Amino acid sequence: MAQTAEDTPNALQARRIFDDAYQQIYGPEGASFHYRISILKIYSSEGSGWYKGNKSKSTTKKSIIWDNGDIKYILRKGKGIVEIHDPRVNKKDKLLQKFKFNRDDYIYSVAKEGENMLVTLSAKPDAKGSMKTIEALLKPKSHEPFELRIKVAFFWAYIYFTDFKAGGIDDSMFIFPKEKYPDYKIIDER
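Thresholds, definitions, all that
Residues numbered from 1 in each chain as written. Predicted model: local features only at pLDDT ≥ 70, side-chain atom pairs only at ≥ 80, totals over all residues. Heavy atoms only, no water. Salt bridge = Lys/Arg side-chain N within 4 Å of Asp/Glu carboxyl O. Helix = DSSP H or I, 4+ residues; strand = E, 2+ residues; numbered from the N terminus. Phe/Tyr/Trp six-rings, centres within 6.5 Å; stacked < 30°, edge-to-face > 60°.

Chemist: Just checking my understanding: could you explain the pattern of salt bridges for this structure?
Modeler: Pairing between side chains of opposite charge can happen when the charged atoms of each approach one another. Counting across every chain of the model gives 11 salt bridges. One salt bridge in this structure joins D171 and K52, with 3.1 Å as the shortest N-O distance. Of this pair, D171 sits in the loop between β11 (155–166) and β12 (185–188) while K52 sits in strand β2 (residues 43–52); the two residues are 119 residues apart in sequence, bridging distant segments of the chain. A salt bridge links R149 to E135, with the shortest nitrogen-to-oxygen separation between them at 3.1 Å. Of this pair, R149 sits in strand β10 (residues 145–152) while E135 sits in strand β9 (residues 131–138), and the two are 14 residues apart along the sequence.

Here it is as structure tokens:
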């Protein structure tokens, strides 16, 4: 029987390693980290993020986002507004649409890069998303991510992680504290 690119020992090992790293962020214990994003030197952002399952919170200079899995609140700093969104619908955010991700749309491989592990995800020919290649640089034993390189169309996006901590994320982190922002105008975008 012929072996497919998905069934090689390297591909299977790479998928296990990637799934472990992915689970550290999106699993039931969650994770926190500081991040910096750079795209073509024309877009950059940095902030902090907390993830747990389908819940998240992120902070940047311009906004704070609380997503409890059912409702997403986006506080626009300096504008005095809080937008309410359905977290399952992000059609208004065209940049975010380019980064939709399904783990089964890729063929995996793993290699060493210096002292670290480089897990590469190459989009299958029938993949629906626009991310063609994802390179995850991980610490060798913990599989803790510290850099992602994502190729979308013809450009690369880089995400750098620091202060990564897996586990210990309380669900109260994802609840919008309405009482702290009584003067903010609420705009329902659902």
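Chemist: What should I look at first to understand the packing of aromatic side chains in this one?
Modeler: Any aromatic ring pair is given by two values, namely how distant the centres are and how the planes are angled relative to each other. Taken as a whole and assessed by the stated rule, the structure comprises 15 aromatic pairs. Ring centres of F33 and Y51 lie 5.7 Å apart, and the angle between their planes is 5°; this geometry places the pair in the stacked category. Of this pair, F33 sits in strand β1 (residues 31–39) while Y51 sits in strand β2, and the two are 18 residues apart along the sequence. Centroid distance Y73 to F176: 4.7 Å. Interplanar angle 15°. Geometry classified as stacked. Placement of Y73 in strand β5 (residues 72–76) and of F176 in the loop between β11 and β12 is noted, with a sequence separation of 103 residues between them. Put simply, the rings of F18, Y22, Y26, F33, Y35, Y51, Y108, F161 and F164 touch in pairs and so form one group of aromatic residues.

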